[in-house]
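Geometric and topological summary
Okay, here's what each chain looks like letter by letter:
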Amino acid sequence: MTDIIQLLPDHVANQIAAGEVVQRPASVVKELLENAIDAKSDTITLVVKDAGKTLIQVIDNGMGMSHTDARLSFERHATSKIKSAEDLFSLHTKGFRGEALASIAAIAHVELKSKTNDSEIGTHLTIEGSEVKSQDPVVTPVGTTISVKNLFYNIPARRNFLKSDAVELRHIIDEFHRVAMAHPDVEFNMIHNGNDVFKLPASNLKQRIVHIFGRKTEEKLVPVSEETEILKIEGFVLKPEFAKKSRGEQFFFVNNRFIRSSYLNHAVSSAFEGLIKNDVHPGYFLFLEVDPKTIDINIHPTKTEIKFEDEHAIYAMLRSTIKHSLGQFNIAPVLDFTHNQEFDTPYNYSKKIPQMPTIEVDRNFNPFVEKNPSRNPASGFKSGYAGKGAGAAWESLYIGLKDEDQSEVKLESMEFETEEVNAELFEKQPFESGQSSIQIQNKYILAPMKSGVMVIHQNYAHQRILYEELLKNITVKEGISQQLLFPLILNFSKPDIAVLIKVREQLENTGFIFSDLKDETVSISGIPALITENHVPDLLEQLIGAVKEEIPEDSFSQNDMLAKTMAASLAIKSGTSLNAEERENIINQLFACKEPTVSPMNKNVFVVLETESLDRKFI
Ligand code: ADP
Ligand code: MG
């Protein structure tokens, strides 16, 4: 047999390596930012277009590269950071593999401009798919600008695999935060599609955290500081009352490199034991410094995992240091166990004593007919959105409110109120057909009023109705489940499953029952009564996207965001034909809402065309 083994050409080897180094635009951002830090820059600007799919550019004012180094930097295993294997154990730089630029150049169009302090003129290099296209002298300031365009242009499968811009941008921002937090003395700027996203002046760690996470963060921080022979700890934890259901604000840095460690996370959580409830996670920004000899950061290509020589000692020290800080800053005595942040939503149902809300939530009230009919409202809306099972959606809108409705209700006064509204607002006999409303373009519901005509946007109206219901379910854990005959098994990526785990409890409150949720699979044995089984995959996909997109400083709580996303996903769409009963149900439900005028996304739900203004049009 003839010999069959041959060495792969460089550009193929680089493409394969790129698979490991570059998973998505955010990976490029991380590598380029880290290179800029390693080059000792004090101002770094990240420019991104279309969430990095079109352009990722990093401009630094660091040491720059010579003509030859610029060319070499794109070779595989080309690095200025280590020379021998021993150097691996005294690393003080972010990079050391010499792989990033070679990998990036294999799968994108790359342009580099660079100049060192001691050279007169800079160098300008263009590379496409590992092939050098040009290298010319150029006038450019000291430092380096690298532009990465059309990422994955030659690997369509990878390009198609990218998520929505919102999701990819979220990942980019995460990487940006991690590098920026580890280097508060460096000025960082980020621009996306021409807009300033972050402007972080050089400052200290506390100010950097505040610049990133918002002014309110400052008062939540408890400083942590400790130094022993084997370990130095600096940073902040969030006061226990700001512990969250989600793991959003948890950052470990070891020797200024962001890492993940469930082991160290456990150490922090155990320091909070007794101060926070079991189901919430403390927030922290912790910087550990150890002798580089005692760690091995080489176990993962993207370098967010780490191995410590003396894990147990570090665990114990971290735990006791944080306990000490919490004690020292008098956190324990001011703890308020009765305050449950989960209920910090626009609707504080948790403390609500059922007292006269019945006037607002009179289910039988139909403002469009003269008499209040004694029909059962729950029997309405048998068809409509999302095909089968929509009836259940409407019925479930009543569940959980019934008790409230019936307790402490003075029927007379309620009737009186509703008659008043009825008499005041709406036409007595709007249409000859006896119907109280009509639908136009399968989009708007028109209902004549005494003063004119009301035009209701059916989709926004239903969003409002579902939103209030879902928000209540999530906060008071009242969602009704429908059991599935066979469990619904869905596959997601690991990070997506992690997102679901994060919001698991809230989803369960809406009525989801997860029999299994781990690795890359979710097995669902019950779903909210509000939805149909075939809608579940889409809904979860949308929820995952929404959770990932959630921008820090967004004033809405996670509960609110989940309720909004679910409402938007489930609401009847424009283009759906509604029968008289369905229209009535929408109207009744809408005016039983707390905020019937605006949709959860702040759109007008209805407008009123006043007769007077109509009259004026005919003069
Ligand atoms: P590594 O960072 O692991 O060394 P890279 O492929 O990221 O590998 O970079 C290769 C080399 O290119 C670096 O070692 C460094 O010498 C040089 N380099 C990369 N980016 C910059 C930059 N922004 N400024 C100066 N030199 C850089
Ligand atoms: Mg590098």
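So, how was this worked out
Residues numbered from 1 in each chain as written. Chains lettered and ligands numbered in written order. Predicted model: local features only at pLDDT ≥ 70, side-chain atom pairs only at ≥ 80, totals over all residues. Heavy atoms only, no water. Helix = DSSP H or I, 4+ residues; strand = E, 2+ residues; numbered from the N terminus. Areas by Shrake-Rupley, 256 points an atom, 1.4 Å probe, with all protein chains shown as cover. Patch = residues over 30% accessible without salt bridge, like charges linked within 9 Å, V, L, I, M, F, W, Y side chains within 5 Å. Salt bridge = Lys/Arg side-chain N within 4 Å of Asp/Glu carboxyl O. Lys, Arg positive; Asp, Glu negative; His and termini not counted. Charge placed at Lys NZ, Arg CZ, Asp CG, Glu CD. Buried < 20%, exposed > 50% of the residue type's maximum accessible area, 1.4 Å probe, protein only. Pairing = 2+ DSSP bridges. Polar contact = N/O pair within 3.5 Å; in protein donor to acceptor, adjacent residues only side chain to side chain. Contact = heavy atoms within 4.5 Å. Near = heavy atom within 4 Å. Expected span 1.5 Å × (residues − 1). Core = buried A, V, L, I, M, F, W, Y, C linked by side-chain atoms within 4.5 Å. Phe/Tyr/Trp six-rings, centres within 6.5 Å; stacked < 30°, edge-to-face > 60°. Lys NZ or Arg CZ within 6 Å of the ring centre and 35° of its normal. Axes fitted to C-alpha atoms, helices over the stretch in contact; angles between N-to-C directions. Parallel < 35°, antiparallel > 145°, perpendicular 65-115°, else oblique. Left-handed = near helix turned anticlockwise from the far one by under 90°. Nonpolar A, V, L, I, M, F, W, Y, C, P; charged D, E, K, R; others polar. pLDDT = per-residue confidence, 0-100.

Some details on the overall build of the protein chain
- Within the protein chain, the secondary structure is distributed over 19 helices and 22 strands.
- Total accessible area on the protein chain stands at roughly 30,100 Å², and carbon and sulfur atoms take up 52% of it.

Describing a negative patch on the surface
- Taken together, Glu226, Glu227, Glu234 and Glu289 make up a surface patch of like negative charges.
- With respect to the helices, strands and loops of the structure, glutamate 227 is situated in strand β9 (residues 221-227).
- By relative accessible area, which is 58% here, glutamate 227 ends up exposed.

Topic: the pairing of strand β4 (residues 122-128)
- Across the seven residues of β4, six count as buried, placing the element largely inside the fold.
- By the bridge criterion, six bridges tie strand β3 (residues 109-115) to β4 in an arrangement that is antiparallel. Bridge pairing in β4 places serine 114 opposite threonine 123.
- The hairpin formed by β3 and β4 contains six residues between the paired strands.
- Two successive antiparallel strands, β4 and strand β5 (residues 131-138), enclose a turn made up of two residues, where glycine 129 displays a positive phi of approximately 50 degrees.

Observations regarding the side chain of histidine 192
- If you trace the backbone, histidine 192 turns up in strand β7 (residues 187-192).
- Assessed through its relative accessible area of 14%, histidine 192 is described here as buried.
- A polar contact of 2.9 Å, which involves the side chain of histidine 192, links it to the backbone nitrogen of alanine 51.
- Dropping the residues within four chain positions of it, histidine 192 is found in contact with Val48, Lys49, Asp50, Ala51, Leu169 and Val197.

Quick word on the site of ligand 1
- Taken together, 18 residues surround ligand 1, and among them Asn35, Thr79, Ser80, Lys81 and Gly98 come closest.
- Separating an oxygen atom of ligand 1 from a side-chain N or O atom of asparagine 35 is a distance of 2.8 Å.
- Contact distances for ligand 1 include 3.3 Å between an oxygen atom and a backbone N or O atom of alanine 100.
- Considered on its own, ligand 1 offers 530 Å² of accessible surface; in the complex 93% of this is hidden by protein.

Focus: helix α6 (residues 165-182)
- Here α6 contains 18 residues, and its C-alpha end-to-end distance of 26 Å stays within 8% of the 26 Å for a straight helix at 1.5 Å per residue.
- The buried fraction of α6 amounts to 15 of the 18 residues, a majority that puts the element mostly inside the structure.

Side note on a nonpolar patch on the surface
- A contiguous nonpolar patch, built from Val607, Leu609, Leu614 and Phe618 and spanning about 380 Å² of accessible area, is present on the exposed surface.
- Its relative accessible area of 40% is what places valine 607 among the partly exposed residues.

Some thoughts on the nonpolar core
- Counting 60 residues, the largest nonpolar core has Leu32, Leu33, Leu46, Val148, Phe188, Met190 and Phe285 as its most contacted members.
- Here the element with the most residues in this core is α6; it accounts for eight residues.

Quick look at the packing of aromatic side chains
- Evaluation of the coordinates by the stated rule reveals 13 aromatic pairs.
- When the ring of phenylalanine 251 is compared with that of phenylalanine 258, the centres are 6.2 Å apart and the planes differ by 65 degrees; the resulting orientation is edge-to-face.
- Owing to a relative accessible area of 7%, phenylalanine 251 belongs among the buried residues under this scheme.
- In textbook terms, an aromatic cluster arises when at least three aromatic residues are bridged by ring pairs, as seen for Phe213, Phe251, Phe253, Phe258, Phe285 and Phe287.
- If you follow arginine 178 out to its NZ or CZ, it ends over the ring of phenylalanine 258, 4.1 Å from the centre.

Quick look at the side chain of aspartate 60
- Structurally, aspartate 60 can be placed in strand β2 (residues 55-60).
- On the basis of relative accessibility, which here comes to 10%, the residue aspartate 60 falls in the buried class.
- Reaching out from aspartate 60, the side chain makes a polar contact with the backbone nitrogen of glycine 62 at a distance of 2.9 Å.
- Discounting residues that sit within four places of it in the chain, aspartate 60 has contacts with Ala36, Ser41, Thr43, Ile44, Val142, Gly143 and Thr144.

Topic: the packing of helix α13 (residues 458-476) against helix α18 (residues 580-591)
- One way to put it is that α13 packs onto α18 with a least axis distance of 9 Å and a crossing angle of 50 degrees. Taken together, the axes of α13 and α18 lie oblique to each other. Crossing angle aside, the handedness with which α13 passes α18 is left-handed. Contact residues: α13 offers Gln458, Ala461, His462, Arg464 and Ile465, while α18 offers Ile586, Gln589 and Leu590.
- In terms of residue class, the contact of α13 with α18 is made up of four nonpolar, three polar and one charged.

Quick notes on the environment of phenylalanine 492
- By secondary structure assignment, the location of phenylalanine 492 is in the loop between β19 (481-491) and α14 (494-502).
- Once the C-alpha coordinates of phenylalanine 492 and glutamate 520 are considered, the two residues, 28 residues apart in sequence, prove to be 5.2 Å apart.
- Sequence-distant contacts of phenylalanine 492, that is, excluding residues within four places in its chain, are made with Ile497, Leu500, Glu520, Val522, Leu540, Glu541 and Ile544.

Observations concerning the environment of aspartate 118
- Of note, aspartate 118 is situated in the loop between β3 and β4.
- Remark: the alpha-carbon pair of aspartate 118 and serine 66, spanning 52 residues in sequence, is separated by 9.5 Å.
- Side-chain polar atoms of aspartate 118 contact the side chain of threonine 116, separated by 2.9 Å.

Quick look at the confidence of the model for the protein chain
- Overall, the predicted model of the protein chain reaches an average pLDDT of 79, with 80% of residues at or above 70.
- A low-confidence stretch, residues 332-362 stays under pLDDT 50, and its non-local contacts, those more than four residues away or across chains, total 61 contacts.
- Here residues 551-556 scores under 50 on pLDDT; set against residues more than four positions off or in separate chains, the count is ten contacts.

Remarks on the sheet that holds strand β6 (residues 143-149)
- Strand order in the open sheet made by the eight strands is β5-β4-β3-β6-β2-β1-β7-β8, with mixed pairing throughout. What marks the edges here is a single partner per strand, and that holds for β5 and β8 (195-200). Looking at each pair of strands side by side, their axes are set apart by 10 degrees on average, direction ignored.
- In the sheet, β4 pairs with β5 via seven bridges, with the strands oriented antiparallel. Its bridge partner lying in β5, histidine 124 is registered against aspartate 136.

Details of the sheet that holds strand β16 (residues 438-440)
- Spatial strand order, β16-β17-β18-β22: four strands in an open sheet with antiparallel pairing. Strands at the two margins of the open sheet, each flanked by one partner only, are β16 and β22 (606-610). Neighbouring strand axes in the sheet, compared pairwise and without regard to direction, differ in orientation by 30 degrees on average.
- The sheet contact formed by strand β17 (residues 444-449) and strand β18 (residues 452-457) spans six bridges and is antiparallel.

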